[in-house]
Amino acid sequence: MTLLESRRVTAPARRRGVSRRRGGRAGYLFVAGYAVLLLAFGVFPTVYAFYLSLTNDRGQFTGVNQFVKVIQDYRFVPAFTDMLLYLVMWLVLLVVLTVLVAVVLRGRMRPGLSALFRFLFYLPGALAGVASVLVWLFMLDPDVSPVSWLLDSLGLNSFAAVLAPGNLPVILVLIAFWTGAGGWIVVMYGALNNIPDEVLEAAKMDGAGPWKTAWHIQIPMIRTWIAYMAILAFAAGTQLFVEPQLLQTASLGRVSPTWSPNQLAYVFAFQQGDFNGAAAVSVFLLAIGLIAAGLLVRRSDMFKVDET
Amino acid sequence: MRTTTSPRAAFRRTPARTAVAVLAVSALTTLAGCASASPAAPTAASSSAFKPVTQNPNATITVWTDSTRLPEVQAYQKSHPGVKMNIVTYDGSADGSTYLQTKVQLFDRTGSGWPDVVFSSSTTDATWASEPTKPGAIPFAAPLDQGLVPQSTLDNFAKGSLTACQYNGHTYCLRNDIAQVVLWYNKTLMDQFGYTVPTTWEQYEALGQKVAKQHPGYLVGSVGDTNSQESYFWSSQCPAFDLVQPDTLRTDLSSPDCTRMSNLLDTLISDKSVSTQGFFSQGFAKDSGSKVLMANGPSWYGQYLFNSAFKTPAGQIAAAAPLTWDGDTTAATGNVGGGLWMVSSHSTNLKAATALATWLTTSDANQASAPTYPAYVPAADAWLANPANKQYFASDVSSAFKQAANEVWTGWSNTKFSDATAWSSVVLPALTAGKTLTSTLPAWQAAIADEAKAEGYKVTTQ
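Owing to the predicted nature of the structure, the values given are computational and were not obtained by experimental measurement.

**With respect to the environment of A:Ala230**
Residues and elements named next belong to chain A. Among the structural elements, Ala230 can be located in helix α12 (residues 223–238). Ala230 sits 166 residues away from Val64 along the chain, and the two C-alpha atoms are 30 Å apart. Once residues lying within four places of it in the same chain are set aside, the contact partners of Ala230 are Leu91 and Leu296.

**Topic: the packing of helix α4 (residues 76–107) of chain A against helix α15 (residues 275–300) of chain A**
Residues and elements named next belong to chain A. Closest axis-to-axis distance for the α4/α15 pair is 13 Å, and the angle between their directions is 35 degrees. When the axes of α4 and α15 are compared, the crossing they make is right-handed. Contact residues: α4 offers Phe76, Phe80 and Met83, while α15 offers Val281, Phe284, Leu285 and Ile288. Its residues assigned to classes, the contact of α4 with α15 shows seven nonpolar, no polar and no charged.

**Some remarks on empty space enclosed by the protein**
All names here are of chain B. Tallying each qualifying case throughout the model produces one cavity of 30 Å³ or more. By volume, the largest cavity amounts to about 60 Å³. Every residue lining the largest cavity is listed: Ser299, Trp300, Gly302, Gln303, Pro371, Thr372, Tyr373, Trp383, Phe393 and Phe401. Considered class by class, the residues forming the lining of the largest cavity number six nonpolar, four polar and no charged. Lining the lining of the largest cavity are residues from two domains, each supplying at least three of them: domain 1 (61–178 + 337–385) and domain 2 (181–334 + 399–460).

**Quick notes on the interface of chain A and chain B**
On the side of chain B, 42 residues touch chain A, which itself brings 40 residues to the contact. Buried surface at the junction of chain A and chain B, both sides included, amounts to about 3,500 Å², of which 57% is carbon and sulfur. For the interface between chain A and chain B, the tally reads zero salt bridges. For the pair chain A and chain B, the number of links is nine residue pairs in polar contact (both at pLDDT 80 or more). Among the secondary structure elements, those contributing two or more residues to the side of chain A that touches chain B are α3 (65–72), α8 (159–162), α14 (261–270) and α15 of chain A. Per-class residue counts for the side of chain A that touches chain B are 14 nonpolar, 13 polar and 13 charged.

What counts and how
- Residues numbered from 1 in each chain as written.
- Chains lettered and ligands numbered in written order.
- Predicted model: local features only at pLDDT ≥ 70, side-chain atom pairs only at ≥ 80, totals over all residues.
- Heavy atoms only, no water.
- Helix = DSSP H or I, 4+ residues; strand = E, 2+ residues; numbered from the N terminus.
- Contact = heavy atoms within 4.5 Å.
- Axes fitted to C-alpha atoms, helices over the stretch in contact; angles between N-to-C directions.
- Left-handed = near helix turned anticlockwise from the far one by under 90°.
- Nonpolar A, V, L, I, M, F, W, Y, C, P; charged D, E, K, R; others polar.
- 1 Å grid on protein atoms, 1.4 Å probe; cavity = no way out; pocket = protein on both sides within 12 Å on 5 of 7 lines; lining within 4 Å.
- Points joined across faces, edges and corners; volume = space filled by probe spheres on them.
- Domains from an automatic or database assignment.
- Buried area = accessible area lost by both parts, 1.4 Å probe.
- Salt bridge = Lys/Arg side-chain N within 4 Å of Asp/Glu carboxyl O.
- Polar contact = N/O pair within 3.5 Å; in protein donor to acceptor, adjacent residues only side chain to side chain.

What follows is the structure, given as structure tokens:
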């Protein structure tokens, strides 16, 4: 859900040539509400997490010892492996499919039909995270699933078999794609709309078919949007918590309670009473998110908007 | 906005700077000899005398209960209108939930919010609640033997049932019920098939094989639930969770006491007379509930499994005494859960809180009609004397229940982590994937050892 909000914040702001007028208190007033919330619930907790990760529960400075401790924990490597496996599958699927669907909706379909499909794709995203997991619990349980024939044909004849450890990344990708992709299809569609018609006509005159146009003109021109999607999807993916946690409960413990790093941090804090270790895990997640975002920003020249 | 070059240049410079900073910090760390990252061990101070907070005999007491016990708390409220109570329903730590522990961790940090009286269906809750969650905190559970509950009352709890509540020589909870494992069987089906009820595990195995041949589809047990290990491996006296010292856990699943059970179950699993699907798993009641011939399980199986879940008609189900092994002199059985009541050490009305917890666990008024078998011996007698508790069964379950209550093996210790996690997340998926139980024992042992070490136990596997 955080995705939607941040998207709204960044989406406008492309008014070239209009000189920005400085001053005016109203501007500060408008920003103030967000800034206060950001400080209280974004910046302060981050700083506090850094403080916790560098100390122990007696408040003594521990240097990197907390980080060493959590890396050596037997659950650390499995949890991060699970998360990375999930992220790779989820990002590849998301980027390929959303761009493909957006291109098809934009170029190969009547506007009315396209609008209907965009609405349908977006719909599951309107369900809150927990509700969407519950929908999937029904889908995945052969006893009640409307597609139990499909599960049966895959040799999965009980809920326990569906939730075998090897299947979990696939299941979580399915849930994430189902809830998250629709919103991104709408965004990509909007990005494609921004490409001037003259450019596409020129491509056509030069003999480019629809697929060539997509590959050589449209996709390169929405590159920064794709990178933007990848950054936010990556950040959301590293924070995977609700889905595996609910699967863990619903499967009566067959899914590890520390499947994802966020769950590991949760167990550190609330079962072992080790808030410092939990903070160290969360700092690792922050670092991974920042590194990935940095790489994507640089490779896609995202901040070169003004020069084009 | 037009100064396009400088931000990018700055961006390029930062990684180098960060690297230098990180290097500097780590160098500092090594030089300064930093403090240990592990949380403080519980100090000896926790065993010093209990000092209650300022008491107020009129204070409202907040009670956290699960939905099963809710009517009992409401009944107390009705019969004691003078006591101001705030009743809250929560999950009662069922199915490995850590809600209570999570909340208490947070209350300990904010310094307020603790409930006064809490029900928990997990004995694991008593272990962490009897130790401080952080330096300077006092344990959540009040030591009830220090002037709150008379020793004569504590002495009347069933043998060993308060072990789960004890730490450092003090008693931190009152046991609500015990869940001694007995052999449940469907008398109607057994008579119809012409089988006699087994008394030893060897007979049980032979009967399971016979059932597989003569009546395929019928079951003599299931290993697929989150607590099946307590029904089978605890009964087998398998040293999986054996606290030889308060801080040293012995887990030795290669012991013959474990493999005799895993081999027996492997035979019956491959014969399909023991299911790897849990009794409580989705769809089991509908598909196989009427085909359960026997079930080695806790005393609450009668009402909760056969009556509520399987909807087996009254007059069919009976209970037999725990099974023994050929050549074993001492009988032993397992224990599956069993709830407990704790009083908060932060309570401002300890008197009312303790009175409630005592009434709930020991009074005939409450326990004689409780849904589970009382841990308090006089109340258990009243429970057994109550015809409502027995009319569902085909024969009198009293002697089997009483005998099993005295035979619960004490070598399966109560640890700070749940014995269900490793079983559910390591063993059960392996069984579902078709592996044998015996071949999964090493992985189970490794998972137990890992969990124990993470909780600060020393681990021995001898």
